[in-house]
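Residue-level listing of the chains:
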Amino acid sequence: MIKLIDVHKYYGDTHVLKGINLDVEKGDFISITGSSGSGKSTLLNLIGGMDRPDRGSILVAGEDISSYKDEQLTLYRRERIGFIFQFFNLLPNITVFENVQMPLLLNSLEEEDRVSEYIKRVGLAGKEASYPYQLSGGEQQRVAVARALIHDPEIILADEPIGSLDSRTGIIIMDLIKQLAEETHKAVILVTHEHYLSNYAKREIKIKDGVLLQ
Amino acid sequence: MISLKLIRLFILKNIRNEKFLTVLSIVGVALGIGLFIGVKVASDRALASFESDIRGLSQNTDYEVLDISGIDFNEHIYRDILDIEGNSYPILRVNGYLSAIQESISINGIDTVKAARLVQPAGRKAYDIEDFYKNLSSILITKGLSDKYSIKKGDIIECLVYDKKYSLKIAGILDSKTLPADAVIMDIGNFQEYFNRTGYLSRIDLTADEKTSREIRRILPPNLSIERKEELLKNRESVVTSFRYNLQFISLIAILVGIFLLYNTVFISVVKRRTEIGVLRGLGAGQKTVVTLFLVQGLIVGFVGSMLGIAVGQIAAYFSVLAVERTISTMYSTISISEYLITKGDALSALALGLLVSLIASAIPSYEASKIRPNESLKEGTFESKYKSCRKPFVFAGLSLILSGVVVSCLDYRYAPFDFPFLAYMGILFIILGFTLISPFYLSVILRIARKPAGRIFKATGRITFGDMKGNIYRFSVALMSVAISSALIIALLTLIFSFRHSLASWINRNIAADVYIKPASCTSNFCFYPLSDEVISLVKSFPEVAGVDKFRTLHLELFGRKVVAGFGDIAVQREFTRAGRNGERNRGLEYGKQVSISNYLSTKYGLKKGDVIALQTPEGKEKFTINDTFSSYSTTSGFIYMDRKWLREYWGLDDATQLAVYLKEGVDTGRFIQGLKQALSGKYALEIMNNNNLRKKVITIFNKTFSITYAIELISILVSLIGVLNTLLALVIERKREISIIRYLGGSWDQIKQMLVLSAGIVGIAGIVLGTVMGFLISVIFIQVINKISFGWEIHFKIPFLYLSIVVLVLFLTTLSAGLLPAKVARKIDPMRFISFE
């Protein structure tokens, strides 16, 4: 489903990604581990269509997204990608319900029942009208998980999803991501520097100095 | 004391980082200060011109002998005064009009031998003394006048004086700093002969003590008085007081909007740098240090804004001087203001005001900053949530202020305890402050009502926008108030102008009833005080087409210690010849008994009403007149008394006229009559002859020119409100970089982000305009019913200019909407990866 062919990325003089080749299939759960500055997040941003490679191709369902224009990348993210971040990145001034609903709204859909269902699935029923600042860290990340899945994307990109949670809550969140991804047959690419999270993945890929060590 | 290094690191760096936002605040402050100082300079220069006029050529004299009615008097009295006080200087003066350059000059006939020190030449060859005395038409002009109009020695200028055209030869250029800038000097003997004023003087300036002045007073005939120059000056100043305060007050409102802008900028700095402030506090910085840092930021913006404001003020001063000069010349008497440069004193005042304004604006955010605890987190909405609990008290205080504003304005309407509408001004400020306090509640209600429909229409952008606005209600209230105050000002001024124009039009219909109006071309004011030649009057009367001539005479009279204009008309002629279809039905019954009509201004100012008796000083002594009626006069701002001219003959011993209203026989072609009259007068007299329609048009033109300054203020208001919205939205973009990045990650397009910002601008625009409309109408009622009544006494019927207002409101709305576009451009420069992966 996703195929990275000899992907290179430079930031100024720094060669961040050095000829990355990677295949991700539907339903895959891949963990990419590596130390800080190894190029994990850059790789995720390229797959997520936030950035373009300087060299190489990224094929998603046969289409090379590295040649996409900005509008096409926006549409790609909107329809096919679900992001989960370390610091949740919820919109602070709208409710839980509206945060979860946001990807649908950006796709000009409302589907309020679906939103309620996902909120229930992540265990936040009754918190629909709450604002992010009224929730705990774990609850905020549950909202983020629901938001990442609500619009039925093909790929979930999770960047250190439990990095700011305590270990107990982290495990709960990881279980939730895995369970929901399996139920909905999503491809999950998890970026982390915690090696133990690789246990959740079907495949573990290490990255060091911009090179994948499979 | 905080170190300069800390200021550099914490404040200057921030200013550099937020250049655009800072520039916007600077421009906002500069516009407010510039407008204020420009208007101040214009009013000050008008007063200086009055002072220079009253002080005259002999700056050290402290008394003045003059006719109580403001006309020239017999020079015989001079010899008697000279016997008592040798330091007395006879003056004969008149305003001349240089039609080629459309400027007025003041021609002064003085005893040049006695006042030789006044006529010092500018350079050795600047003065031809023989020519000056021998040639009747010789004049000396100041160097300022020579430079201003590029007139040099030997030039001959054409000048309209009284009702004729004269040639004046420049005999020399004077180098005097004490002479008024527009002064022209003639030898008094030449003046009397050349202008046919032999035997007359306009005034006698004296250097005398109290005892001597009493002695002189005893020998003066009843038509003359001796006055202290200070008193005359005070009297004259009062004429421009209202005009000055009104303009100054409006520019003060512009400063108020500037305060909102600066407040917003400093507040944004505080909100944005909450964590940094927390760290700083953790490192040991005290609350005072934090307060000082942000006050310094405000002061830096205020300082730069004020300096720029001085430059803006210089431009504003130039145009304000023109407007003030035109208005005073039309409404009162001709003045010439040649000085419009901002002085050091003005610049210092502007700077002081700017710094004060910036201190006020940055005080609250600085205080908020000092309250940040060392362990402050990046929790959103810290300040907003704190204010949320204040919302109810704010609403209560706001409503109380609005009510107080209305009450004090009503008190001013009812009792007018001050010379100028001080309470009404306070009332307007209370109302603005009141609306400011209720604005967060008002905006939250609007958001609550519109949230659902907007969510349905604008989907994601609607939800995020409303969420953002709800979460930043106080911030958006500041932007909303910028728009509201500007709209209120525009609506109030437009309503005032429209109502005035409408009332003036109906006044014109009632009062301009004759077919032809004649006055000396040298007279540029609404009222002329120099009489027309008898020959002109006889000639006009001799035309067979003429049915009747209403000889109108104006004098200056004193009422309750203040100079007012008195007009004497021929009521019988008006009554007999006012043609059907023209409403000339005024002054009913004025011809019977000793009666006068007074303008509403006098009625308001002195509580006079129909049936009251007033005593007027005449050359025959004090005479009592009963008030027959009160009327609206748009011609002067100093009060107007109207009476039948038979009293002019009886008590003032005059039968001349300063203006003529000519009634033609039925069927006469007015155009041809005027042509014939001009032919008969040509080469001999310089008169302004107008038919009924042209005079009506001229009155409206004068009105439009008088109000031109208010249009400029409106334009600046729109500009400032645009800056207000721009400032807030830009601040939001700067502060919301992370949220914008999240939206981009979620697949939100730049167009959707632009839509969010334009939607925010639109909501602020609509809500601000609606609030501004309510506030504007309230203010316009106070403008019309209280401020106008106390300041000018003009009768203005409230009339709402729906069409104009709709257009202006639409322009304002589109302007605020466009304010969302620039921040959208700034937003586009945000790199989402920087703000997301940064963590």
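Residues numbered from 1 in each chain as written. Chains lettered and ligands numbered in written order. Predicted model: local features only at pLDDT ≥ 70, side-chain atom pairs only at ≥ 80, totals over all residues. Heavy atoms only, no water.

1. So, the packing of helix α24 (residues 750-791) of chain B against helix α25 (residues 802-818) of chain B
Residue and element names in this part refer to chain B.
- One way to put it is that α24 packs onto α25 with a least axis distance of 8 Å and a crossing angle of 145°. Along this stretch, α24 crosses α25, giving a crossing that reads as right-handed. Contacts between α24 and α25 involve Val758, Ala761, Gly762, Gly765, Ile766, Ile769 and Phe777 from the former and Leu805, Val809, Leu812, Phe813, Thr816 and Leu817 from the latter.
- Split by residue class, the contact of α24 with α25 holds 10 nonpolar, 3 polar and no charged. (Axes fitted to C-alpha atoms, helices over the stretch in contact; angles between N-to-C directions. Helix = DSSP H or I, 4+ residues; strand = E, 2+ residues; numbered from the N terminus. Left-handed = near helix turned anticlockwise from the far one by under 90°. Contact = heavy atoms within 4.5 Å. Nonpolar A, V, L, I, M, F, W, Y, C, P; charged D, E, K, R; others polar.)

2. Section: the side chain of serine 741 of chain B
- Looking at the secondary structure, you find serine 741 of chain B in helix α23 (residues 737-745).
- Sequence-distant contacts of serine 741 of chain B, that is, excluding residues within four places in its chain, are made with Ile830, Asp831, Pro832, Phe835 and Ile836 of chain B.

3. Brief notes about helix α26 (residues 821-828) of chain B
- Buried residues of α26 of chain B: Pro823, Ala824 and Ala827 of chain B, and no others. Projection of α26 of chain B onto a plane perpendicular to its axis shows the buried side chains occupying an angular sector of 105°, all on one side. (Buried < 20%, exposed > 50% of the residue type's maximum accessible area, 1.4 Å probe, protein only. Arc of directions from axis to C-beta.)

4. Let's talk about the pairing of strand β6 (residues 156-161) of chain B
Residue and element names in this part refer to chain B.
- In this sheet, β6 lies alongside strand β3 (residues 88-98) in antiparallel orientation, the contact comprising 2 bridges. Counted as the bridge partner of tyrosine 97 is leucine 160 from β6.
- Between the end of β6 and the start of strand β7 (residues 164-174), which pair antiparallel, lie 2 residues, with tyrosine 162 showing a positive phi angle near 50°. (Pairing = 2+ DSSP bridges.)

5. Details of the interface of chain A and chain B
- On the chain B side, the residues contacting the 29 residues of chain A number 32 residues.
- For the pair chain A and chain B, the two sides together bury roughly 2,800 Å², of which 58% comes from carbon and sulfur.
- Area buried by chain A at its contact with chain B is led by Asn89, Asn93 and Leu106 of chain A, which between them contribute 20% of it.
- The interface formed by chain A and chain B holds 2 salt bridges in total.
- Between arginine 744 of chain B and aspartate 70 of chain A there is a salt bridge; the shortest N-O distance is 3.3 Å.
- Our count for the contact surface shared by chain A and chain B stands at 11 residue pairs in polar contact (both at pLDDT 80 or more).
- Counting residues per element, the ones that place at least two in the side of chain A that touches chain B are α2 (70-80) and α3 (96-106) of chain A.
- Counting residues per element, the side of chain A that touches chain B draws most heavily on α3 of chain A, at 5 residues. (Buried area = accessible area lost by both parts, 1.4 Å probe. Salt bridge = Lys/Arg side-chain N within 4 Å of Asp/Glu carboxyl O. Polar contact = N/O pair within 3.5 Å; in protein donor to acceptor, adjacent residues only side chain to side chain.)

6. Description of the packing of aromatic side chains
- Under the criterion given, the structure shown has 32 aromatic pairs over all chains.
- Ring geometry for tyrosine 131 of chain A against tyrosine 133 of chain A: centres 6.2 Å apart, planes inclined by 20°, an arrangement best described as stacked.
- Relative accessible area serves as the criterion here: at 48%, tyrosine 133 of chain A is assigned to the partly exposed category.
- Pairing phenylalanine 418 of chain B with phenylalanine 422 of chain B gives two aromatic rings, centres 5.3 Å apart and planes at 80°, and the pair type is edge-to-face.
- Under the relative-accessibility criterion, phenylalanine 418 of chain B is labelled partly exposed at 38%.
- Among the aromatic residues, those joined into a cluster by ring pairs are Tyr162, Tyr166, Phe191, Tyr194, Phe195 and Tyr530 of chain B.
- In this arrangement the basic side chain of arginine 121 of chain A is found over the ring face of tyrosine 118 of chain A, its NZ or CZ atom lying 5.0 Å from the centre. (Phe/Tyr/Trp six-rings, centres within 6.5 Å; stacked < 30°, edge-to-face > 60°. Lys NZ or Arg CZ within 6 Å of the ring centre and 35° of its normal.)

7. Things to note about the domain arrangement of chain B
All names here are of chain B.
- Domain boundaries assigned for chain B yield domain 1 (1-56 + 248-379), domain 2 (57-235), domain 3 (383-510 + 698-839) and domain 4 (522-685).
- Each side of the interface is counted separately: domain 1 has 36 residues, and domain 3 has 37 residues.
- For the pair domain 1 and domain 3, the two sides together bury roughly 3,500 Å², of which 81% comes from carbon and sulfur.
- Of all residues in domain 1, Phe249, Ile250 and Phe260 bury the most surface against domain 3, accounting for 18% of the area lost on that side.
- At the boundary of domain 1 with domain 3, the tally comes to 0 residue pairs in polar contact (both at pLDDT 80 or more).
- When residues in the side of domain 1 that touches domain 3 are grouped by element, the largest group, 16 residues, is from helix α8 (residues 229-272). (Domains from an automatic or database assignment.)

8. A look at the environment of leucine 149 of chain A
Residue and element names in this part refer to chain A.
- Locating leucine 149 in the fold gives a position in helix α5 (residues 137-149).
- Given the relative accessible area of 4%, leucine 149 is considered buried.
- Separated by 46 residues in the primary sequence, leucine 149 and proline 103 place their C-alpha atoms 9.0 Å from one another.
- Residue contacts for leucine 149: discarding those within four places in its chain leaves Arg114, Tyr118, Ile156, Leu180, Thr184 and Lys186.

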